[in-house]
Amino acid sequence: MSVLVLIIVPVMCHRLRPLRPQVNQNQGRNIVIFYGSQTGTAEDFATRLAKEASLYGMKAMVADPDRCHMDELSQLYKIENSLAIFCVSTYWEGDPTDNAMAFYNWLQSGKTSVRGLRYAVFGLGNSTYEYFNKMGKYLDLRLEELGGTRVHKLGLGDTAHNIDNYFMTWKDNLWTSVAKQFNLKTLTNFSSRQFRLIQHKEIPREGVFTGEVLTLNSLVDQKPPFNQKNPFLAPILVNRELYKGLRSCLHIELDLMGSQLSYEAGDYVAVYQKNDKHLVQRIGQLLATDLDQVISLENLDEDSFKRHPFPCPTSYRDALLFYTDISSAPKPHVLRELSEYTDNEEHKKFLECISSSTEEGKQVYNEWIVEKLRNIVDVLEDMPSVKPRLDHLLEILPRLLPRFYTICSSSKVYPNSVHLTAVVVKKSTGRVNKGVATNLLASKQCEQSGDKVSVPIFIRRSQFRLPVNPSTPVIMIGPGTGLAPFRGFLQERWYHMQNQTPIGPTVLYFGCRNQSDDYLYEEELRGYVMDNTLTKLYTAFSRDGSDKVYVTHLLRQHMPEIWRLIGPLNGHVYVSGYASTMAREVKDILVDTFVAEGNQSPEEAHNYLKTMESQRRYLRNHSNWLTVSIVNDGEEGRSVIRLCPPARAQYARNAQNNGRS
Ligand SMILES: Cc1cc2nc3c(=O)[nH]c(=O)nc-3n(C[C@H](O)[C@H](O)[C@H](O)COP(=O)(O)OP(=O)(O)OC[C@H]3O[C@@H](n4cnc5c(N)ncnc54)[C@H](O)[C@@H]3O)c2cc1C
Ligand SMILES: Cc1cc2nc3c(=O)[nH]c(=O)nc-3n(C[C@H](O)[C@H](O)[C@H](O)COP(=O)(O)O)c2cc1C
């Protein structure tokens, strides 16, 4: 085997780490698992596959395509028994993730051949989206077109139906087929640990991570540029309740002063989280571990990209508070690992059953974990014989991720603050399960003991944008919190009007359950009708009358007007809200409108909509986030209104500056 062959993997990845002279360290490494991931699921699957590869005596490495020379992929076949596995997610309108974008462009350029490459693809997507798993499907076919050999059929994971089930079934079959094709045997002395524990005895406080994403003390000593790896601590200016009924929806304004952060209406703000300290404390008690012990988890594989699972050194407490997801449903593979930590045969068997990929296992998992909303703390409490090592638990639980919120302000009107609308998530099935981010936000005042209260944030750009020319007509369809981006759009149209720039017809469709309870920003919307920012405001309240009325009913009634704005006047259409039902219905209505009012054939109407889409005249901001934001009409009283005095003053100043009363 040539030196070139032995060093192929580090060469592919040399952007991250210079090529090492000791190539023998990579000897035997024959699987590369690439992930295209935005929020970590695909990366987590890739890591799990890498661990399992060692069960068959294979040595795998997990790789971020954005940090590798992907053109070296064509050389991989030279390594004996080599295999490239891809776990790739699809986003937005069927797009690749940010870290897979360059790889996608390279594949599309068609300037390459991967002849001889053995590969397998697992796609991650959500079937409520029109372009379900587009990236996975594309990659699987494209690699074949470029000369690669598929060793196992494409897996199509679906987050709408417990994606872990899809993944477990796919990977079990993958290993069976790889073992057969590569003539591999399972090893018996297999260690499932990827990281080793180091307990620090004496370590200065300033050398210990306490919630930073990448750089020590970066949350205390704040230095721009601020981004995902270096979030800005944004003071909360306003935190007030928008709903009047039992449910809760927050309007939050965050101060951007001094951050150099900029945004456009329609972008997203991401907020970093902190778990409930009581849950953290409970884990410490259940596992009889001193949570203040400072630790590091170090990768056993020295060549791995990932030295630690989260920033280290840190204390057990902060690892649980800031870096580990302890409140969602524990994944089956976590439960499988827990089964190794009990002498109670009944508990062991049960954990083995619910973590298996059998039909029975999946069903019991669904009943006992998902439907009963059990998190890891509940599992440990309900099975007192199960006592995992805390460092192992930290290794296998997923990372706590920032939560995204659609910005509901315009930087033209609010250059120094960013606003968001967040539905507070609380689910109850006997046990109450609270969403981490929204309940933390709900508990935050603007000031505590005279100090400003801040949250770590970064801004993420979106493609959901108003037309460049303000005189272009816009139709906005945004029921519920789908209204969020349109509040920003309306502020922007209003700003243009104040600056004597003519704005085109502006039509908004908004819907909610009851006018009295959850009509978001009612006064503001009425204000926009009064000052002609809004040409038309159509509302649908689904639970106010005997008949359920939704925005889609109104759209059907207004087909002639909709066509006039879209066809003759070249208007733009924006849809924001739940993907599976409303957005699909809107699409059908638009096609019907083009047929009925634009005299098009159904085929022409579909093509017309496609053209609008490619011209960015038909934009959707739907994501599956409303599916996780369904709140039980619980017994708890509604939150108090918290409009903080400094924020109120700033709002008044802003309004005054902008000539708005
Ligand atoms: C691009 C984008 C834009 C978004 N914009 C907005 C917006 O403008 N406004 C908005 O309100 N949200 C928005 N979201 C959603 C938002 O990011 C969060 O997902 C949402 O606020 C919930 O976060 P949380 O931390 O409060 O809940 P989480 O802690 O993430 O909990 C989510 C759900 O999982 C449930 N759960 C926990 N454990 C289990 C279990 N064992 N079994 C079953 N279920 C369980 C919880 O009960 C809860 O319902 C957006 C998301 C994206 C991706
Ligand atoms: C904003 C957003 C847009 C999405 N767009 C699509 C899509 O167009 N097609 C699809 O199949 N899945 C889509 N999904 C689902 C994701 O692919 C799925 O949640 C996946 O598990 C995310 O993986 P990651 O955590 O590795 O980023 C979308 C999810 C979000 C949050």
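Provided above is the structure to which this section pertains.
Residues numbered from 1 in each chain as written. Chains lettered and ligands numbered in written order. Predicted model: local features only at pLDDT ≥ 70, side-chain atom pairs only at ≥ 80, totals over all residues. Heavy atoms only, no water.

Another point: unusual backbone geometry. For the bond running from Pro224 to Pro225, omega is 5°, close enough to zero to count as cis. Of note, Pro225 is situated in the loop between strand E7 (195-199) and strand E8 (232-241). A positive phi angle, near 50°, is found at Asn81, a position not held by glycine. Secondary-structure assignment places Asn81 in the loop between strand E2 (59-63) and strand E3 (83-89). Overall, Asn81 belongs to the partly exposed group, its relative accessible area being 23%. For Asn570, which is not glycine, the phi dihedral falls at a positive 60°. Positionally, Asn570 belongs in the loop between helix H19 (559-566) and strand E23 (572-575). (Helix = DSSP H or I, 4+ residues; strand = E, 2+ residues; numbered from the N terminus. Buried < 20%, exposed > 50% of the residue type's maximum accessible area, 1.4 Å probe, protein only.)

Looking now at the packing of helix H3 (residues 41-53) against helix H6 (residues 163-182). Where H3 meets H6, the closest approach of the two axes is 12 Å, and the angle between their N-to-C directions is 30°. On the basis of their axis angle, the class for H3 and H6 is roughly parallel. In this structure, the crossing between H3 and H6 has a hand that is right-handed. Along the contact surface, H3 presents Phe45, Arg48, Leu49, Glu52 and Ala53, while H6 presents Ile163, Asp164, Phe167, Met168, Trp170, Lys171, Leu174 and Trp175. (Axes fitted to C-alpha atoms, helices over the stretch in contact; angles between N-to-C directions. Parallel < 35°, antiparallel > 145°, perpendicular 65-115°, else oblique. Left-handed = near helix turned anticlockwise from the far one by under 90°. Contact = heavy atoms within 4.5 Å.)

Our next topic: the sheet that holds strand E10 (residues 268-271). Here 6 strands make up an open sheet; going across it, the order is E13-E10-E19-E8-E9-E14 and the pairing antiparallel. Of all the strands in the sheet, the pair left with one neighbour each is strand E13 (403-406) and strand E14 (417-423). Strand-to-strand twist in this sheet, taken as the mean axis angle between neighbours without regard to direction, amounts to 40°. (Pairing = 2+ DSSP bridges.)

Once that is clear, we can look at the pairing of E2. By the criterion of burial, E2 is predominantly enclosed, with 4 of the 5 residues buried. Taken together, the 5 bridges between strand E1 (residues 29-36) and E2 define a ladder with parallel strand orientation. Directly across from Arg29, in E2, lies its bridge partner Lys59. After leaving E1, the chain enters H3 and then returns to the sheet as E2, a path that is right-handed. (Right-handed = clockwise from strand over helix to strand, strands pointing away.)

Let us look at the pairing of E1. With 8 of its 8 residues buried, E1 lies for the most part within the structure. By the bridge criterion, 6 bridges tie E1 to E3 in an arrangement that is parallel. Bridge pairing links Tyr35 to Cys87 in E3.

Pairing in this open sheet of 5 strands is parallel, and the strands run E22-E21-E20-E23-E24 from one edge to the other. In the strand order of this sheet, the two ends are held by strand E22 (536-541) and strand E24 (618-620), each with one partner. Pairwise comparison of adjacent strand axes, ignoring direction, gives a mean angle of 10° for this sheet. Packing of helix H15 (residues 484-498) onto the sheet brings it into contact with strand E20 (474-477), strand E21 (506-512) and E23, and relative to E20 it is tilted by some 155°.

The next point concerns the environment of Glu253. Relative to the elements of secondary structure, Glu253 occurs in strand E9 (residues 249-255). Judged by its relative accessible area of 6%, Glu253 is buried. The sequence separation of Glu253 and Val418 amounts to 165 residues, and the corresponding C-alpha distance is 5.7 Å. Those residues in contact with Glu253 that lie beyond four places of it in its chain are Pro235, Ile236, Leu237, Val238, Val418 and His419. Within the local environment of Glu253, its side chain forms a polar contact with the side chain of His251, the two groups lying 2.8 Å apart. (Polar contact = N/O pair within 3.5 Å; in protein donor to acceptor, adjacent residues only side chain to side chain.)

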